[in-house]
Amino acid sequence: MANSGRRNSEDLGASNSNLPQQKVEVVVANPSAGEVNILGELSIFVLRVVFSLFMIHHGLEKLQDPQGFAEFVVGKYFTFLPGDPIIWTFAAGLTQIICPIGLALGVLTRLAALGLLNTMLFALYFHFVDTGLEGFPLAVVEGHNYIFELSAIYAAISLYFLCAGPGRLSVLRKANKVTYYPQVKKARL
């Protein structure tokens, strides 16, 4: 009798393994309208848009004089990059124009933020090689700002959007669904 019970559970486990996996969607509870921090969401939206406008400005600046940027920045400080410095200049300029558009709209936000973070890391490298840390964090410098300060702030904002996403006020907002395929457990006796 014990053997027949064991066979049944083995048969049950074998038959379960032959079943197709079922798709299960779990809907994470949305907070009601009263629970949404609208000021927080508006702040994230304003940060996305203003940051994007400044990034576009920097991209246009590079494309206004690509030869100068290629010669005096890329050619001088990024000699380890393969190929012609003008290609890297256009890559940086276009990244700083295209990615902010996606970021401002909330379309492919994390990918756009990754592109901008990458550009800002190169900018930080340039500033550190050019001027060093300038006595950071305790020195008071001549211009009242560290030369690398703006690039560091832009990198931090890019990192934020890379990790946190666009917030609720975006064109492509992620649905609050999680899809998974549960594993069928074999019955034990």
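The model shown is predicted, which means the values in this text are computed figures rather than measured ones.

Chemist: Got a minute to help me understand the nonpolar core in this structure?
Modeler: Grouped burial of nonpolar side chains is what soluble globular proteins tend to show. By size, the foremost hydrophobic cluster in this structure holds 19 residues, and its most contacted members are Phe51, Met55, Leu103, Leu116, Met120 and Phe161. Secondary structure elements with two or more residues in this core: helix H2 (38–64), helix H4 (85–105), helix H5 (109–131) and helix H6 (149–164). When residues of this core are assigned to their parent elements, the largest contribution, seven residues, is made by H5. Core analysis: the next-biggest nonpolar cluster, separate from the first, contains six residues, Val74, Tyr77, Phe78 and Phe126 among them.

Chemist: Would you mind going over unusual backbone geometry with me for this structure?
Modeler: Only a minority of non-glycine residues have a phi that is not negative, and only a minority of peptide bonds are not trans. In the segment running from phenylalanine 136 into proline 137, the intervening peptide bond is cis, with an omega of 5°. Along the chain, proline 137 falls in the loop between H5 and H6. In this structure, leucine 108 takes a positive phi of about 50° despite not being glycine. Positive phi is not limited to glycine here, since glutamate 134 has a value of about 55°. Mapped onto the elements of the fold, glutamate 134 is located in the loop between H5 and H6.

Chemist: I'm lost on the confidence of the model for the chain in this one. Help?
Modeler: Detailed reading of the predicted coordinates is not advisable wherever pLDDT falls low. The predicted model of the chain averages 83 in pLDDT, with 74% of residues at 70 or higher. Element-level pLDDT for the chain is lowest in helix H1 (residues 2–17), with a mean of 47, against a maximum mean of 96 in H4. In this model, residues 1–15 is a region of pLDDT below 50 whose contacts with residues beyond four sequence positions or in other chains number five contacts.

Chemist: Teacher, can you tell me more about the environment of lysine 76 here?
Modeler: Checked against the element boundaries, lysine 76 lands in helix H3 (residues 66–77). Lysine 76 sits in the exposed class, given a relative accessible area of 56%. In this structure the C-alpha to C-alpha distance between lysine 76 and phenylalanine 126, which are 50 residues apart in sequence, comes to 9.6 Å.

Chemist: What is the right way to look at the packing of H2 against H4 in this model?
Modeler: The axes of two packed helices give the description: the angle between them and the distance between them. Two elements in contact, H2 and H4, have axes whose closest approach is 8 Å; the angle formed by their N-to-C orientations is 160°. In terms of axis orientation, H2 runs roughly antiparallel to H4. As H2 packs across H4, the resulting crossing turns out to be left-handed. Residues Phe45, Arg48, Val49, Phe51, Ser52, Met55, Ile56, His58, Gly59, Leu60, Lys62 and Leu63 of H2 form the contact with H4, whose own contacting residues are Thr89, Phe90, Ala92, Gly93, Leu94, Gln96, Ile97, Pro100, Ile101, Leu103, Ala104 and Leu105. Of the residues assigned to the contact of H2 with H4, the class counts are 16 nonpolar, six polar and two charged.

Chemist: Is there a simple way to explain the side chain of serine 151 in this structure?
Modeler: By the secondary structure assignment, serine 151 is in helix H6. Note on serine 151: relative accessible area 8%, which makes it buried. Reaching out from serine 151, the side chain makes a polar contact with the side chain of histidine 127 at a distance of 3.5 Å. Aside from chain neighbours lying at most four places away, what touches serine 151 is Met120, Ala123, Leu124 and His127.

Rules of the game
- Residue positions are counted from 1 within each chain, in the order its sequence is given.
- The predicted origin of the model limits local features to residues at a pLDDT of at least 70 and limits the giving and counting of side-chain atom pairs to 80 or more, whereas totals for whole chains, interfaces and linings rest on all residues.
- The side-chain figures draw on all heavy atoms in the structure; neither hydrogens nor water molecules are used.
- Within this scheme, the nonpolar core is defined by two criteria: the residues are buried Ala, Val, Leu, Ile, Met, Phe, Trp, Tyr or Cys, and they are joined through side-chain atoms within 4.5 Å.
- Throughout, exposure labels follow a simple rule: accessible area from a 1.4 Å probe, protein chains only, divided by the maximum for the residue type, with under 20% read as buried, over 50% as exposed, and the rest as partly exposed.
- Secondary structure elements are taken from DSSP: a helix is a run of H or I of four residues or more, a strand is a run of E of two residues or more, and numbering for both begins at the N terminus.
- On a scale of 0 to 100, pLDDT captures the predictor's confidence in every residue.
- Should any heavy atoms of two residues lie within 4.5 Å, those residues are considered in contact.
- Note on geometry: axes are C-alpha line fits, over the in-contact stretch for helices, and angles between N-to-C directions span 0 to 180 degrees.
- Reported orientations rely on four angle classes, namely roughly parallel under 35 degrees, roughly antiparallel over 145, roughly perpendicular from 65 to 115, and oblique for the rest.
- Rotating anticlockwise by less than a right angle from the far helix to the near helix defines a left-handed crossing, while the corresponding clockwise rotation defines a right-handed one.
- When residue character is reported, Ala, Val, Leu, Ile, Met, Phe, Trp, Tyr, Cys and Pro are called nonpolar, Asp, Glu, Lys and Arg charged, and the others, Gly included, polar.
- Side-chain atoms alone can form a polar contact between residues adjacent in sequence; in general such a contact is a pair of N or O atoms within 3.5 Å, and within protein one must be able to donate a hydrogen while the other accepts it.

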